[in-house]
Amino acid sequence: MNQSHSTLVTRHSSLPVLPGATLGVLGSGQLGRMFAVAARRMGYRVHTFSPERDTPTGQVADAETTAPYEDLDAVREFARSVDAVTFEFENVPAPAVEAVGRDAPVRPSGEVLHTTQHRLREKSFLSKHSFPVTPFRRVASVEDLRAGLDELNYPAVLKTADFGYDGKGQRTIKCADEADEAFAALGGREGILEAFVAFERELSVVAARGSDGAVASYGVVENSHARHILDHTVAPAGVSPAVARRAEEIARALLEQLDYVGVLCVELFLTGDDGLFVNELAPRPHNSGHFTIEACAASQFEQQVRALCNLPLGSTEQFRPAAMANLLGDLWQNGEPDWRSALAVPNVALHLYGKRAARTGRKMGHLTALAHTTDEALRTVLAARASLDRRA
Ligand code: AMP
């Protein structure tokens, strides 16, 4: 790549990318699929890149490149065939993102990705800029772990510093005797030890920032997890206006501090005394924002398209209370779920991601219900999901 072309990419990166252009997406899961649906609705073409074929994104994209992220020639070729690139998965290796960036604008930036794909870098960034986080320590040896436990006390949570999601590579340590085994479970990888947060609720805020600096937030939602995987989301969260305001202020300040362009999810813990702690950032649309497809004027995926293309952000207005329930592979253990039952429930939308193998814990789809109240939306979506189970 010659210098003049790189300059061109940078110079042109603030120009709008208009419908008819081709948008590239690194990664090929359900988030890319819903991005592609939003982009195609708006008249864009979509090209996805990942190591797999016949993927959730590839099935609805115009083009699907199947190559390892380490194949930088394939990555460059992909970048040259598109007008702007985003990612749907934050663990894309940095050299691939760098290679893409030489030929096409990447939003959010590679720098943001670098910060958010590593828990230690992310927590260090957060604490350096005075965002509320639980105390944490780096763990490179069992001695680091013991020293950290002495300082942070029990229980404490040990996580791998990189490539973690849905609680993978994570242990809660309740006493000194458990330290050796927890350290061994890191498998030689760098770890982060966190003081346990005795939270009452888990919340998140999905928000977007455009290249003009405008910020649009979907407000705060409440998430419930089962086995460390998101089970359901209720929107809006039943928290006090003061908590909601503070959560949204945190999201806005983060977008500005990161000079972010795109959609960001901030996952938060809320404690009994109304304390808020940032647990994690996701530099992309998030499972807890899926309700926006049916409930809001512009969905989180449309917002991702708009931000990527240097277009004005859409309205985040939520028309009705909503609840979303994930459909995990476990639901298939007694055969194909009973789609007819769930689809018979009024005001429930079904999303399936086109994944063939229904493994335990794998996100296969979700349901969203709209109602007059969040309680009713939650009851409806959980009943619709229960009706899918053929044993019921
Ligand atoms: P994570 O992979 O960091 O999103 O963590 C997955 C889940 O583990 C969270 O949604 C929490 O339920 C729990 N968890 C993570 N970190 C902590 C912590 N420091 N204190 C208490 N619970 C935690």
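Please refer to the structure placed before this passage.
What you see is a predicted model; the values in this text were computed from it and never measured. Residue numbers here run from 1 along each chain, matching the order of that chain's written sequence. Restriction of local features to residues with pLDDT of at least 70 applies here, the model being predicted, together with a cutoff of 80 or more for giving and counting side-chain atom pairs; totals for whole chains, interfaces and linings are based on all residues. Heavy atoms from the whole structure form the basis of all side-chain values; hydrogens and water molecules are not counted.

Chemist: How do you make sense of the sheet that holds strand S6 (residues 156-160) when you look at a structure like this?
Modeler: Note on sheets: strands pair through backbone hydrogen bonds, and any given pair is parallel or antiparallel. The criterion for strand pairing is that DSSP finds at least two bridges linking the strands in question. Starting at the N terminus, helices and strands are each numbered in turn, a helix being any DSSP run of H or I of at least four residues and a strand any DSSP run of E of at least two. The antiparallel open sheet is built from 4 strands, whose spatial order is S5-S8-S6-S7. The open sheet has two free edges, formed respectively by strand S5 (136-139) and strand S7 (170-173), since each of these has just one partner strand. On average, adjacent strands in this sheet sit at an angle of 20° to one another, irrespective of strand direction. With 4 bridges connecting them, S5 and strand S8 (residues 191-195) associate as antiparallel partners. When the sheet's bridge partners are listed, Val139 is paired in S8 with Gly191. We call two residues in contact when some of their heavy atoms are within 4.5 Å. What counts as an axis is a line fitted to C-alpha atoms, over the stretch in contact for a helix, and the angles between N-to-C directions run from 0 to 180 degrees. Its contacts with the sheet put helix H7 (residues 142-152) on S5, S6, S7 and S8, and the angle it makes with S5 is roughly 170°.

Chemist: Is there a simple way to explain the nonpolar core in this structure?
Modeler: For soluble globular proteins, nonpolar side chains are generally found buried alongside one another. Of all hydrophobic cores here, the largest spans 32 residues; its most connected members are Leu203, Leu254, Val266 and Leu268. Looking at this core, the elements that each hand over two or more residues are helix H6 (119-128), strand S9 (199-209), strand S10 (215-226), helix H9 (241-257), strand S12 (262-271) and strand S13 (276-282). Among the elements that make up this core, the one with the highest residue count is H9 (7 residues). The split of the chain into domains comes from an automatic or database domain assignment. In terms of domain composition, this core takes at least three residues from each of domain 2 (135-195) and domain 3 (199-386). Buried Ala, Val, Leu, Ile, Met, Phe, Trp, Tyr and Cys residues that are joined via side-chain atoms within 4.5 Å together make up what is termed a nonpolar core. Using a 1.4 Å probe on the protein chains alone, a residue whose accessible area is under 20% of its type maximum counts as buried, one over 50% counts as exposed, and one in between counts as partly exposed. Leu23, Val25, Phe35 and Leu308 belong to the second-largest nonpolar core, a separate cluster that totals 21 residues.

Chemist: Sorry, what's going on with the sheet that holds S9 here?
Modeler: Taken in spatial order, the 8 strands make up an open sheet running S13-S12-S9-S10-S11-S14-S16-S15, and their pairing is antiparallel. Of all the strands in the sheet, just S13 and strand S15 (348-352) have a single pairing partner and so form its edges. The average angle at which neighbouring strand axes cross in this sheet is 25°, direction not considered. As defined by bridge partners, S9 adjoins S10 across 7 bridges and the pair is classed as antiparallel. Across the sheet, the residue bridging to Ser204 is Val221, located in S10. Contacts from helix H11 (residues 300-308) reach S9, S10 and S12 within the one sheet, and its direction differs from that of S12 by about 135°.

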